[in-house]
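# Structural overview
In case you want the letters, here they are:
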Amino acid sequence: MEIELFQITYKDASLDVERFDISGQTFFRISFPDKVPPLTILRALNFEGAKFWTSMPEGRYQLAEEIGILVEQYYRSIK
Amino acid sequence: MCYYNGQKVTRSEFIRLKNLEKVIAKYSFLNKDLLIGFDYGKSAVLKKIEGQEDFEIVEMEWGFLPGYIRNREQAEKFRNGYKKADGQWQQPILTLNAMSEEMLLPKKMYRDAALNRRCLVLSTGFYEWRHVFPISKKNGKPLKTAVKYPYHIGVKDREYFFLAGIWQPWKDVETGEYVETFSIVTTAANKLMEQIHNSKKRMPAILTEDLAWEWLFGNLDENRITEIARYQFPAEQMEACTISKDFRSALEPAAPYAYEDLPALELV
């Protein structure tokens, strides 16, 4: 499994992000510098067919949305 | 309708996400191509979370163990048979499959589970043997001994699908070991499976997405349980191919393998 590593800045902190693919799905795993547990996020489809960022497992939806936007910005910046 | 992390999602997206949760948590556990019932190994099973319209994916032991089996030694005898004190051989009791037509009959060991503990068994495909009786060159009649050809059977355009199952909690009273065991519900073979599993003409109860949902979460009476359990998945939505006879030990058990002497299946 190939893993891509990069960093994003969230609330003045630099966070490590790992990108990996399993079962045809791309995941991003974000590590935090303090005792916050790592977060895994991915893109999913809502009922109307629109994509949204979600945490996996469930429960950290808000953070997934915030971090997901930063991941998108990172990819736009390297194009 | 379902919600995942507060977002309204379709049932199929919900199932996909829940499945991915498990893949992430235990990637190696779902990354198995081949499950052989007689190994009594662990399989991925969707189990309802009580009081919620939600499920968890857990590992269960394939081979239903009723509560009166008190320890692993008895379980071994139950599943494999044993020589009784009088020297007679006690035949094994096979509980890998539960017949949909009989499981709710009074005093059946599966009855309580069928009423109260239904589950879905995740499958990426299953294996079955087709029996072919070669024609004798001497008299032109079929030989008495069949040649057996293995098939891998799946659902077209689906990476995985659901089989109706029932489960039973089981505890070894001596060691305290706790496991959940299950049996796959079977129904009469459809037109495809009649040709492949031609010795018994049975097949697992493959459920559509809606039936799977109902099986897991529905408040069902006995008639409806039997109706769903007896559902015959449409043959035209299934696919089957022959595989190598040593598929059990193959790196890729589901890899197609052609047999020149094997008559083709009739199209369904």
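Along each chain, numbering runs from 1 in the same order as the chain's sequence is written. All chains are assigned letters beginning with A, and all ligands numbers beginning with 1, in the order in which they are written. Totals for whole chains, interfaces and linings use every residue, but because this is a predicted model, local features are given only for residues with pLDDT of at least 70 and side-chain atom pairs only at 80 or more, for both listing and counting. Hydrogens and water molecules were not included; the side-chain quantities draw on all heavy atoms of the structure.

## Quick look at the interface of chain A and chain B
Put simply, the rule reads: We call two residues in contact when some of their heavy atoms are within 4.5 Å. Here the quantity called buried area is the total loss of accessible area, with a 1.4 Å probe, experienced by two parts when brought into contact, counted for both. The salt bridge definition used is simple: a Lys or Arg side-chain nitrogen within 4 Å of an Asp or Glu carboxyl oxygen.
Contacts between chain A and chain B engage 21 residues on the former and 18 residues on the latter. Between chain A and chain B, a total of about 1,600 Å² is buried, with carbon and sulfur atoms accounting for 62% of that surface. The three residues of chain A that bury the most area against chain B are Phe47(A), Met56(A) and Glu58(A), which together make up 39% of that side's buried surface. Where chain A touches chain B, the interface holds one salt bridge.

## Topic: the sheet that holds strand β15 (residues 238-242) of chain B
Remark on secondary structure: sheet strands pair via backbone hydrogen bonds, oriented parallel or antiparallel. All names here are of chain B. The following threshold applies: Two strands qualify as a pair provided DSSP detects at least 2 bridges between them. Strands here are runs of E lasting at least two residues and helices are runs of H or I lasting at least four, both read from the DSSP assignment and numbered beginning at the N terminus. Simply put, an axis is a line fit to the C-alpha atoms, just over the touching stretch for a helix, and the angle between two N-to-C directions goes from 0 to 180 degrees.
Spatially, the three strands line up as an open sheet ordered β9-β10-β15, and their pairing is antiparallel. What marks the edges here is a single partner per strand, and that holds for β9 (126-132) and β15. Averaged over all pairs of adjacent strands, the angle between strand axes in this sheet comes to 35 degrees, irrespective of strand direction. Taken together, the five bridges between strand β10 (residues 147-155) and β15 define a ladder with antiparallel strand orientation. Bridge assignment links His 152 to a residue of β15, and that residue is Cys 241.

## Observations concerning unusual backbone geometry
Heads up, the condition is: In this scheme, a residue with accessible area under 20% of its type's maximum is buried, one over 50% is exposed, and one in between is partly exposed, where area comes from a 1.4 Å probe on protein chains only.
Omega for the bond connecting Met56(A) with Pro57(A) falls within 30 degrees of zero, at 0 degrees, which places this linkage in the cis form. Relative to the assigned elements, Pro57(A) resides in the loop between β5 (51-55) and α1 (61-77). The phi dihedral of Lys107(B) falls on the positive side, at around 70 degrees, and the residue is not glycine. Tracing the backbone through its elements, the reader meets Lys107(B) in the loop between β7 (97-99) and α4 (111-116). With relative accessibility at 87%, the residue Lys107(B) sits in the exposed group. Phi angles above zero are rare outside glycine, and Lys201(B) is one such case at about 55 degrees. In this structure, Lys201(B) sits in the loop between α5 (191-196) and β13 (202-204).

## Here's the deal with the packing of aromatic side chains
Threshold: Aromatic pairs are defined between Phe, Tyr and Trp rings, using the six-membered ring for Trp, whenever the two ring centres lie within 6.5 Å; interplanar angles under 30 degrees are classed as stacked, those over 60 as edge-to-face, and all others as tilted. Geometrically, a lysine NZ or arginine CZ counts as sitting over a ring once it is within 6 Å of the ring centre and also within 35 degrees of the ring normal.
This structure, assessed with the given rule, holds 15 aromatic pairs over all chains. Pairing Tyr74(A) with Tyr75(A) gives two aromatic rings, centres 5.1 Å apart and planes at 80 degrees, and the pair type is edge-to-face. Taken individually, Tyr74(A) and Tyr75(A) each receive the classification buried, so the pair is uniform in this respect. In this structure an aromatic cluster arises from ring pairing among Phe6(A), Phe28(A), Trp53(A), Tyr74(A) and Tyr75(A). When the ring centre of Trp167(B) is taken as reference, the NZ or CZ atom of Lys47(B) above it lies at 4.8 Å. Against the face of Trp129(B) rests Lys148(B), its NZ or CZ located 5.5 Å from the ring centre.

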